[in-house]
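# Structural overview
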Amino acid sequence: ESRKFAIPEEYLPDFLGGTAHTAHPQMCPDTGNLVGWHWTQIMNDGALEVTFTEWSDVDFAPVATSTFQLPNCELAPHDMALTENCILLKVNALQMNQGEFLMGMTGPAGALKMD
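Now for a look at the structure at hand. Keep in mind the model is a prediction, meaning the values are calculated, not measured.

## What to know about the overall build of the protein chain
Within the protein chain, the regular secondary structure consists of 1 helix and 9 strands. Tracing the protein chain from N to C terminus, the helices and strands come up as β-β-β-β-β-β-β-β-α-β. With 115 residues in all, the protein chain has 25% of them scored as buried. Taking contacts inside the protein chain between residues at least 6 apart in sequence as the whole, the part at least 24 apart equals 29%. Accessible surface, the protein chain: about 8,100 Å² in total, of which carbon and sulfur atoms supply 55%.

Okay, here's the thing in structure tokens:
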């Protein structure tokens, strides 16, 4: 029997922006469930919206989800760490010149500058 999987709408790309999922999910040290997160850049606000999801190790169904806004975070953190009580994100000390990037005047690396 073949299964067909639909891509959830929040992961479909938009013309500008969209949602991306982390490439580095982690196992919760307390529950043993997989925890990951996806993010959306909030254009012209210098912030990200991040949603953390914990999935069951039995059927991969979502067990819990929480969404937060990260002010002054223009670029998605690369990775996360989990403790028994916290999710930690390492926020990059970088800013992006969105205008030059979106107009095609530079690539992603050329649009970055250190805080």
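## Here's the deal with the side chain of Thr 22
With respect to the element layout, Thr 22 can be found in the loop between β1 (19–21) and β2 (26–27). Here the side chain of Thr 22 touches His 24 through a polar contact of 3.0 Å, landing on its backbone nitrogen. Not counting residues up to four positions away in its chain, the partners in contact with Thr 22 are Gly 36, Trp 37 and His 78.

## A closer look at unusual backbone geometry
One non-glycine residue, Phe 60, adopts positive backbone phi at about 60 degrees. Looking at where Phe 60 falls in the secondary structure, it is placed in the loop between β4 (47–55) and β5 (62–70). Of note, Asn 72 is a non-glycine position whose phi angle comes to about 60 degrees, a positive value. Structurally, Asn 72 is set in the loop between β5 and β6 (80–82).

## Notes on the environment of Asn 85
Note that Asn 85 resides in the loop between β6 and β7 (87–89). Distance in space between the C-alpha atoms of Asn 85 and Asp 30 is 8.6 Å, their sequence separation being 55 residues.

## A look at the packing of aromatic side chains
Per the counting criterion, the structure on display carries 3 aromatic pairs. Ring centres of Trp 37 and Phe 52 lie 6.3 Å apart, and the angle between their planes is 45 degrees; on these two criteria the pair is classed as tilted. One end of the pair, Trp 37, is in strand β3 (residues 34–42); the other, Phe 52, is in strand β4, and 15 residues separate them in sequence. In terms of burial, Trp 37 and Phe 52 fall into one category: buried.

Conventions used here
- Residues numbered from 1 in each chain as written.
- Predicted model: local features only at pLDDT ≥ 70, side-chain atom pairs only at ≥ 80, totals over all residues.
- Heavy atoms only, no water.
- Helix = DSSP H or I, 4+ residues; strand = E, 2+ residues; numbered from the N terminus.
- Buried < 20%, exposed > 50% of the residue type's maximum accessible area, 1.4 Å probe, protein only.
- Contact = heavy atoms within 4.5 Å.
- Areas by Shrake-Rupley, 256 points an atom, 1.4 Å probe, with all protein chains shown as cover.
- Polar contact = N/O pair within 3.5 Å; in protein donor to acceptor, adjacent residues only side chain to side chain.
- Phe/Tyr/Trp six-rings, centres within 6.5 Å; stacked < 30°, edge-to-face > 60°.

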